[in-house]
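Listed below are the residues making up each chain.
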Number of protein chains: 2
Amino acid sequence: MKRLFMQEVATRDGFQNEKTFIETEDKIALINELSQCGYAKIEVTSFTSPKAIPALRDAEAVMAGIKREPGVEYTVLVPNVRGAERALGCGIDEANLVMSVSEPHNRSNLRMNREQSFAQLKDVVGVIGQGPVAVNVSLSTVFGCPMQGDVPVEDVLGWIERFAALGVRGVTLCDTTGMAYPSQVQALSRRVREQFPHLQVTLHFHNTRGMALANTLSALQAGINRFDASLGGLGGCPYAPGASGNVCMEDLVHMLDLMGYDTGMDIDRVLAASALLPGLIGHDTPSQILRAGKRLDLHPIPEHVHSLSKQVANADKERVQ
Amino acid sequence: MKRLFMQEVATRDGFQNEKTFIETEDKIALINELSQCGYAKIEVTSFTSPKAIPALRDAEAVMAGIKREPGVEYTVLVPNVRGAERALGCGIDEANLVMSVSEPHNRSNLRMNREQSFAQLKDVVGVIGQGPVAVNVSLSTVFGCPMQGDVPVEDVLGWIERFAALGVRGVTLCDTTGMAYPSQVQALSRRVREQFPHLQVTLHFHNTRGMALANTLSALQAGINRFDASLGGLGGCPYAPGASGNVCMEDLVHMLDLMGYDTGMDIDRVLAASALLPGLIGHDTPSQILRAGKRLDLHPIPEHVHSLSKQVANADKERVQ
C-alpha cells in the first residue's frame, strides 16, 4: 500500500478566484477542519498585495487564527521579498513561489518577463535562507500554454535546474489550463524524477478537459506520490468560461482510496468539509462525489423489486454459479 | 499507433433519456453526420415497445431514413423477439442485447429476474440466427450495482460464458452507474480477454464519479481496443440527480488522439456534431472539450503582453537554454 501525499489548495487558489469575500473566521474554521482530514500540506493563503488580491487580504489574521495540526505543513504563496517577510512573521512551514515556464503566460499572469520573475523569486529564496522554512516552486504551464501552445520539455527542465541550484526543496509541475495528457505526464514526470531525484515533486492538475484523474494515474505510474487538488474543485481557469479548473480533491482521493493507495485522508471528513463550501462561496461546486456519492453509497432496492427478489434470488444465484 | 474502435451511443442511450422528443428527420440528419466522423459502430435506436420508450418510437423510420456509410456498423438495441423481428426487417448490422449481472438492478431496470432476461435474450439470439447480423450483449453493472454494491467477478464471467455459449460475437462491460475504478477495470478486462479471446470486448464507462477517462487508460493497458461513448456525454444516471452519465465521446477521443492512438475519428467533425445537440435537446451538455476547446486551440496574447514580449522574448529564451 503505497503512501501518497495530498496537498489542499482551495483556501488559496480557490478562494482567490471567488467573487465573494470569505470571512476570516470562516476561512479559519474551514482550515481547522481541513487540518483533521489527513492532508500532508494545506496552502493556507497568499502574501500578495492586499490590493492585488483583496480576497486574501486577511493573510496574517488567518495564519494567526488557525490551529496547527502536528504533521500537517502549512504553506503559503509568496510572490516577492515583501511577501516573504510578512509570511516569515507568521511562522509558515513552507513558502510556495510561482512563475510560468511560458513567456506569454508569465507576462499575462504576473506582468513581468520570466527573468524578472526569476530574479524576484531568487531574492525570496535569499530572504527565507536555509532555516526551518522550506521553499517550493510551482511552475505554471509546464504541460502547455494557452497562448504559446506546447512548451519544450527542455525549457521546463531548465527552469527546474535553476531553482534546484538555489536549494529549493520542491517543485510543483502545474497543468495550469488543463492541457496535460497522460502519455505526456508520464514522460515529463519520469524525466523530472530522474534528473532531480532529491527534489520533492508535486503534480498539480486541472480538469479543464476531463483528463485530471487519467493524468494522475499516469503520474503514479511514473512514481509521483504527491498531488495538489482543491476541495470541491474550487479555483478556475481564466481561458475558458464555464470550464472546470482545479481537479477536485474528493474526486481524486475517492479514486486513489479505491485503488488501495494510502492517502492518509479521511474521505468522509473531506466530503463534509466540501459540503460547507456552497454556503461560503454562494454557489455549487463541480464536486462529482458530493453529487453522486461514494462508490459504495448504496441506494435502497425499490419495494416492487425487493419483494420479487426474495422469491427467486437464491434459486437464480445458484443457477448462475 | 494502435488502432482503436469508437462506438457512439448518443442517438439511443442519449436520446432515450431526453424529455424532448427529437424529430425523426433530426435524428436521421445527426446520424448521417455521425456516419462521416469515423465511428466503428453507431447505436442508432432501440426496438423496444414504443409505449415503453416513446422517445425512440420512430425506430423503423430512422433506420429506413439514414444513409449507411460503408465500414460503419449500425447497431440497435433489441430487448426481445418482437424487437428482433422488427430490427431484422430494417437490415441492421448488429443487435445489441442488454441485461444486468446484478439481480436487483435487472429487476429494477428490466422488471424481470436475470433468468427471465437470459431466456428472452436466448430466444432473440435464436431468431437472429447465424446469418449476417451480429449479436452483442451489453452487461450492465459489471463494475458494481448501486443497490447490491460489489458484483462478484465470477458472476460477471459466468454470464459472459453463458452468452458466449450462444455464439454471440461480442460483449460490452458496462459501468452503468460510474462505480468502476482503474485497478478494478484493469483486472476485469484482463480476465475477460484471457478467458474469452475470441469475443469482441467493448468497455462502456460512465463519468458519474469522474473516473471514466482514468478507467479508459486502465482498459487500454489491459489490451482493450473498443469503447462506447456518447456525443456530448448524453445519457444520464438514474441514481444520482445532477451527476454525469455516459462518458463524453469528444472528451474521450480528444485524449486518445493526443496519446497517439489511431481512433479513426475526425475530432473536429465530432465537435461540430456535438455543438448541434443543445439545439435538439434544449439544454447544454456536459462536454468539456466543447466548452474548453481542444488542447491546442490557442488564445490570443493580450496586447500589453504582446508588445512587451517582442522586446525581450528572444534574449530571454537564449538565457534559459
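For the structure, see preceding data.
Residues numbered from 1 in each chain as written. Chains lettered and ligands numbered in written order. Predicted model: local features only at pLDDT ≥ 70, side-chain atom pairs only at ≥ 80, totals over all residues. Heavy atoms only, no water.

**A closer look at the packing of aromatic side chains**
Residues and elements named next belong to chain A.
Thought 1: What the rule picks out here adds up to six aromatic pairs over all chains.
Thought 2: Both rings, one in Phe118 and one in Trp159, keep their centres 5.9 Å apart while their planes meet at 55 degrees; by these two values the pair is tilted. Of this pair, Phe118 sits in helix H6 (residues 114-128) while Trp159 sits in helix H7 (residues 153-165), and the two are 41 residues apart along the sequence.
Thought 3: You can call Trp159 buried: its relative accessible area is 0%. (Phe/Tyr/Trp six-rings, centres within 6.5 Å; stacked < 30°, edge-to-face > 60°. Helix = DSSP H or I, 4+ residues; strand = E, 2+ residues; numbered from the N terminus. Buried < 20%, exposed > 50% of the residue type's maximum accessible area, 1.4 Å probe, protein only.)

**Quick notes on the sheet that holds strand E3 (residues 73-77) of chain B**
Residues and elements named next belong to chain B.
Thought 1: If you walk around this closed barrel you meet the eight strands as E1-E2-E3-E4-E5-E6-E7-E8, and the pairing is parallel. The mean inter-strand angle of the sheet, taken between neighbouring strand axes irrespective of direction, is 25 degrees.
Thought 2: In terms of strand pairing, strand E1 (residues 5-8) meets strand E8 (residues 226-229) through four bridges, oriented parallel. Considered in E8, the bridge of Phe5 is made with Arg226.
Thought 3: Contacts from helix H5 (residues 103-110) reach strand E4 (94-100) and strand E5 (134-140), with the element oriented near 120 degrees to E4. (Pairing = 2+ DSSP bridges. Axes fitted to C-alpha atoms, helices over the stretch in contact; angles between N-to-C directions. Contact = heavy atoms within 4.5 Å.)

**Thoughts on the side chain of Arg12 of chain A**
Residue and element names in this part refer to chain A.
Thought 1: The topology assignment puts Arg12 in helix H1 (residues 10-14).
Thought 2: Among the polar contacts made by the side chain of Arg12, one reaches the side chain of Glu43 at a distance of 3.2 Å.
Thought 3: Beyond its immediate stretch of four places on either side in the chain, Arg12 contacts Glu43, Val44, Thr45, Ser46, Leu56 and Leu77. (Polar contact = N/O pair within 3.5 Å; in protein donor to acceptor, adjacent residues only side chain to side chain.)

**Let's talk about the pairing of strand E8 (residues 226-229) of chain A**
Residue and element names in this part refer to chain A.
Thought 1: Alternating positions in E8 separate into two faces, Arg226 and Asp228 on one and Phe227 and Ala229 on the other, with burial throughout.
Thought 2: When strand E7 (residues 200-204) meets E8, the two strands line up parallel, connected through two bridges. When the sheet's bridge partners are listed, His204 is paired in E8 with Asp228.
Thought 3: Where the polypeptide runs from E7 across helix H9 (residues 212-221) and back to E8, its parallel neighbour, the crossover connection is right-handed. (Right-handed = clockwise from strand over helix to strand, strands pointing away.)

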